[in-house]
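# Inside the fold
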Amino acid sequence: MRVRGSVAGTGLSAVLALAAGSALADWSLLNMRDGVTSTSRAVHDLHMIILWVCVVIGIVVFGAMIYAMLRHRKSKGAVAAQFHESTAMEVIWTIIPIVILVSMAIPATKTLLAMEDTSKADMSIKITGIQWKWKYDYIDGEAAGISLISSLHPDHNAARLRGASGSVENLREQFGDTYLREVDNPLVIPTGQKVRFLLTGADVIHSWWVPDLGWKKDAIPGFVNESWTRVDKPGVYRGKCAELCGKDHGFMPIVVVAMAPDDYKAWVVRQKAHVAQAAAAADRVWSKEDLIARGQDVYRTNCAACHQPNGQGLPPAFPALAGSPISNGSDASQHVEAVMSGRPGTAMAAYKGLLNDVDLAAVITYERNAWGNSGGVVQPAEIKAAR
Amino acid sequence: MSMATATHDADHDHGPAKGLKRWITTTNHKDIGTLYLVFALTMFFIGGAMAMVIRAELFQPGMQLVDPQFFNSMITVHALVMIFGAVMPAFTGLANWLIPMMIGAPDMALPRMNNLSFWILPFAFTLLLSTFFMEGGGPAGGWTLYPPLSLQMGEGFPFMIFAIHLAGISSIMGSINVIVTILNMRAPGMTLMKMPLFVWTWLITAYLLIATMPVLAGAVTMLLTDKFAGTSFFNAAGGGDPVMYQHIFWFFGHPEVYILILPAFGIISAIVPTFARKPLFGYSSMVYATTSIAFLSFIVWAHHMFTVGMPVVGELFFMYATMMIAVPTGVKVFNWVSTMWKGAMSFETPMLFAIGFIMMFTIGGFSGLMLAIAPADFQYHDTYFVVAHFHYVLVTGAIYSIMAATYYWLPKWTGKMYDERLGKIHFWVSTLSVNVLFFPQHFLGLAGMPRRIPDYSVQFADWNMVSSIGGFVFGASQLLFLWVVIKTVRGGKKATDRVWEGANGLEWTLSSPPPYHSFSEAPVIK
Amino acid sequence: MTHTANDYYVPHGSYWPIVAAIAMFITVIGAALWINGELNGRLVLFIGLGLVAFMMFGWFGTVIRENLKGVYNDQVDRSFRQGMMWFIFSEAMFFAAFFGALFYARVLSVPWLLGMDSGFSTHEVLWPGFSEAWPTNGPGDVGGEFRPMGPWGLPALNTLLLLSSGVTITLSHWALKAGDRGRSVLWLIVTALLGASFLGLQAYEYIHAYTELDLTLASGIYGSTFFMLTGFHGMHVTIGTVMLIVIALRTAKGHFTADNHFAFEGVAWYWHFVDVVWLGLFIFVYVL
Ligand code: HEA
Ligand code: HEA
Ligand code: CUA
Ligand SMILES: [Cu+2]
């Protein structure tokens, strides 16, 4: 039975109906998952211990209370006793909770110390949170030099516009369980290796969270936080940005693909080829059409969230680029500067660290020619020179 | 002193001024208490209406009603309005009404300042709500206003900051008044350890307020200068740190959550003995527990920040300190249960709300304890598990205590009895629906739904719908509450002076409603 | 009802609080408009501040008149005293927020940015070139080159001025208690002058900082903490000086008696508080 059938009833009958229904009996929708790393399992165990301790204390306390409520009521002729103190009792119920708490603190401390130990990592990846996407830089090992920008998958991005999604059934059919949890470029890591993450933010604070890995950590602008994981099982693990980071905070998913070492090696080789291509591409002169075509893609994934697909922006927060002085006229230097260095103190991030030369040239050229703008072409070489 | 006596007499004979002037110029603690309570109820409905927008958008996955930015400002302002506009003024209103009557004082110690404390509030919230009509919209960075995000706000930013300053000034003045009243205005014989617990908890609360509101003022001032004057407090490039804001904020913020619950403990400690017809168990340990909670509340703030990347010793310290708070809070819960034990209980509406409070607050306390376990908090943090936690302590905690207090003292204030049948209906509908509203949010959080998002994956659809339905019913049942109050004020059975058979305390020795000036003649306390 | 002089005085309705609330409302609207670059903001701000001043004259005037009529008994006097003490405590906590920011920056954030303790990767990944310890304007060199303010010139002199003002106000208090109104007023005037010269020197110090040291409010975290702490302190000295002048006038008019002079004492406490804050500033902002 699905929810729709029981809307008519009161809230309570809805719950009763639902609890019996299939969708909600699914344990994974009721409790913390135990995940795929030693950390996530340790955390899950800890969670279950404290949960049960609380349940037991609850049964004792509420039990006593309910017993008193049933037996010591005036309507049953109870006569009130007049005691109002018992030092012995009060000492006991101070000591017992302390003992319980200490016994909880011990495993918690152990788990925490293990989680915070980022030493002896096999490889490191830098994670940068940007409004509203993630950037992954592989900074050492065989994959060094690979860099990915990971944003909400375009199909999901279209479906999440106001009124676009239709019914829940539509969403379920189209996306299954992954609605808003799919990206264009997932983070790929090898299984069995200790991967160290260096987290930072480009604009505001974000938080990188994949429940199956067992932790989340904030990505703070100007500082680097460290964390680590070692995934045992190949698979696709999904998560979300967990710190409010503005308008599209809810649309900033994370997908981690853990690959067996061989598959991972193959993936690295493929990515390296892309990197080499990109480097070569930056050195040649591009045609206007190619730049615009590429720029449109870059724009859609990186800029449209604020400046809107039609270039109109959302004034006053996000300026229009269509028809604006900065994207017209023959001198592109201001435009290049605005995109590369951003506008400190606003949502406009500095994109020179986020996009490569070709993508920057492409997106600027696109902006200068789309929506009736007439601003001419910017070549990758010019970007390189401006760095 | 003869001249003084003459003018003095004249004042007293006036009674309240007529019409609007009475409410604007009043220095009477009861009038001011009423103003606070009416204001708080209004804000509760405004904040609640925003909550209804939130629950309506979350009714189904997909974006249906509002834009993401507006959704963010709904959650932000919902929280600010509920905390600073509803719960705190409601407690201050209760303090105004009750503390002088409970300690045998003629009025609050500083009556004119008392009036000012109140009248700042409507202006402060006008300012806050007016930001919705400015370029860039209302604040949308969460009620915690973390930079750099909060600095991205538009024209409304300085208005919001000043609104917080004003509300803070109001609370500080209100708290000074409460402390001075309690320390200086007690009737002869009313020693500290004879004071009702509501007075005790408010004494500690007022202390917490005076110690922390200025810190919040400092924090938001730094936000203001970071945005407009080029300072670098929260900017790493200049040597500051965005996380520094969080430390300063939570140094205020954590004591703040006890500000929102200590007076509630006082209320429950008044109501349970009345309806159990048995003295409160462990009065002095209640006092010590309250002071320990207040002390501990200053050294646990960073449990809101386990994921910001603190050094691990810091995480351990804040984890242990936070867990400790369960001990004094437990003492309170056990004392209430012992008070009920072997009593002769009856279950009028105030008692129902008090019992509801004890159970559901404890549930919220348990989830709080789970959150305190740092490694587990790495999973819970910023999910609906946290949202469930704090609504259990805030709605079924703070709000329930305020409802209990209203039913308990309304007959004293108005001289008329409320409609017991409607009161009971209100309690049962609220209690069933509030659990439908917030209990499933534990599941959502554990299953991986982050908080502060306007849209979510389909596997969360069912529980969100349940939660929203619970929310609508709970919201609607508050209309019943409003009706009960209005009905009582407009007419009803005459209430006796003592009102409740088992009630104890000075306020019940006065007539119902009490005279305009409570104790012109100090009562004698045995 | 019979009333004795022992009755606690509860004033009847007053318009001053609502005037105060409206005045504050207008003031902050003006300030907010001004900050937003609205043209009329400053005008609104000054209207608001004018109203605040008007309200203070009116409200405090009422209180003074009531006091002179003798309607306040000892208990009322205690209420005022305790109220003033808690107010000063709240002020102390306000400063604590900024001192907290200073300590946090010096003990935690700047060392982390330099790669100390847990800041190793922060330094290596984001700010490899950053090497200057306190005083600093951060790895981004925010606000540009500057020189810090040394302690042993004007600031030391200012410390001396404030410390001696603490002595002179006590002398004034003793004189008042001994019933010597003339001497009391004299010492009050000296105290106010010391306060005013402190302010003069601080203004000079600020000008020096802006024009010669290139040290501004925007000079990174050093400039931020320096100017916010000393600035808010200076504001308090200003308020304190005005209050000193007011009670000097009131003493001269004979408002205070040897054993009934709460307003005097309130101002004295406030002044001592401002003094103590300065000592903290001198040590933590200038010397260390
Ligand atoms: C009235 C308000 C109130 C109260 C009373 C509490 C009480 C507690 N809170 Fe809560 N809390 C909030 C309001 C409140 N909280 C809010 C608003 C937030 C979110 C802010 C935001 O981010 O927006 C929050 C968030 C919050 C967090 C951060 C979560 C996160 O963001 O990741 C944590 C973590 O430690 C926490 C812990 C606790 C604890 C340990 C208590 C304890 O005081 C609870 C103690 C009570 C009990 C434990 C039950 C009774 C005791 C017994 C029956 C004795 C025996 C029990 C044992 C031995 C277990 N709270
Ligand atoms: C005292 C504080 C308080 C109170 C009383 C409440 C009360 C409620 N809260 Fe709130 N809430 C917070 C404090 C509080 N909350 C805080 C601090 C946050 C965090 C904000 C942040 O993340 O920054 C939050 C966030 C928050 C969220 C999470 C938003 C998010 O993370 O995306 C949700 C979602 O369900 C929610 C719901 C509710 C509901 C349904 C109520 C209900 O109890 C409200 C019931 C009251 C009414 C509904 C009003 C009365 C009735 C009417 C107006 C009549 C009309 C209504 C109908 C006919 C249906 N609140
Ligand atoms: Cu990024 Cu939330
Ligand atoms: Cu807390």
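Counting of residues starts from 1 at the beginning of each chain's written sequence and follows it residue by residue. Naming scheme: in the order in which they are written, chains are lettered from A and ligands are numbered from 1. Reporting of local features is limited, given that this is a predicted model, to residues whose pLDDT is at least 70; pairs of side-chain atoms are given and counted only at 80 or more, and all residues count toward the totals for whole chains, interfaces and linings. To get the side-chain values, all heavy atoms of the structure are used, and hydrogens and water are removed first.

### Describing the coordination of the iron atom of ligand 1
Coordination shells were defined by N, O and S atoms within 2.8 Å of each metal, extended to 3.2 Å for Na, K and Ca; water is absent from the atom set, which can make sites look incomplete. Within the protein, just one atom coordinates the iron atom of ligand 1: His389 of chain B (NE2), at a distance of 2.2 Å. Between the two metals, the iron atom of ligand 1 and the copper ion (ligand 4), the spacing is 4.6 Å.

### Looking at the site of ligand 2
Residue and element names in this part refer to chain B. When at least one non-hydrogen atom of a residue lies within 4 Å of a molecule or strand, that residue is treated as near it. Taken together, 35 residues are adjacent to ligand 2, and Arg55, His78, Trp143, His391 and Arg452 come closest. A distance of 3.0 Å separates an oxygen atom of ligand 2 from a polar atom in the side chain of Arg451. Every helix listed is a DSSP run of H or I at least four residues long, and every strand listed is a run of E at least two residues long, numbered separately from the N terminus. Listing elements by their share of the shell around ligand 2, those giving two or more residues are helix H3 (29–57), helix H4 (68–103), helix H15 (384–414), helix H16 (420–447) and helix H17 (461–490). Here the residues of the shell around ligand 2 are counted per class, giving 25 nonpolar, seven polar and three charged. N or O atoms within 3.5 Å of each other form a polar contact, as long as, within protein, one can give a hydrogen and the other can take it, and as long as residues adjacent in sequence are counted only when both atoms are side-chain atoms. Just so you know the grouping, Ala, Val, Leu, Ile, Met, Phe, Trp, Tyr, Cys and Pro go in nonpolar, Asp, Glu, Lys and Arg go in charged, and all remaining residues, Gly too, go in polar.

### Digging into the environment of Lys216 of chain A
Mapped onto the elements of the fold, Lys216 of chain A is located in strand E7 (residues 215–219). Since its relative accessible area comes to 1%, Lys216 of chain A is described here as buried. Reaching out from Lys216 of chain A, the side chain makes a polar contact with the backbone oxygen of Phe378 of chain B at a distance of 3.0 Å. Engagement of the side chain of Lys216 of chain A in a polar contact is seen with the backbone oxygen of His381 of chain B, the distance being 2.6 Å. Burial status follows relative accessibility: with a 1.4 Å probe on protein chains alone, a residue under 20% of its type maximum counts as buried, one over 50% as exposed, and anything between as partly exposed.

### Re the packing of aromatic side chains
When the centres of two rings from Phe, Tyr and Trp lie within 6.5 Å, Trp using its six-membered ring, the rings pair. Their planes under 30 degrees apart give stacked, over 60 give edge-to-face, and anything left gives tilted. Evaluation of the coordinates by the stated rule reveals 90 aromatic pairs over all chains. Ring centres of Trp208 of chain A and Trp215 of chain A lie 5.6 Å apart, and the angle between their planes is 35 degrees; this geometry places the pair in the tilted category. A residue is classified by how much of its surface remains accessible, and Trp215 of chain A, at 3% relative accessible area, is buried. Judged by centre distance (5.9 Å) and plane angle (65 degrees), the rings of Tyr407 of chain B and Phe481 of chain B are edge-to-face. Remark: Phe481 of chain B occurs in helix H17 and Tyr407 of chain B occurs in helix H15; sequence separation between them is 74 residues. On the basis of relative accessibility, which here comes to 2%, the residue Tyr407 of chain B falls in the buried class. It is Lys194 of chain A that lies over the ring of Trp228 of chain A; its NZ or CZ is 4.4 Å from the centre. A ring is scored as having a charge over it whenever the NZ atom of a lysine or the CZ atom of an arginine sits within 6 Å of its centre and within 35 degrees of its normal. For Lys216 of chain A, the ring lying beneath its charged end belongs to Trp209 of chain A, and the centroid distance is 4.1 Å.

Bear in mind that shape data such as this cannot, by itself, settle questions of function.
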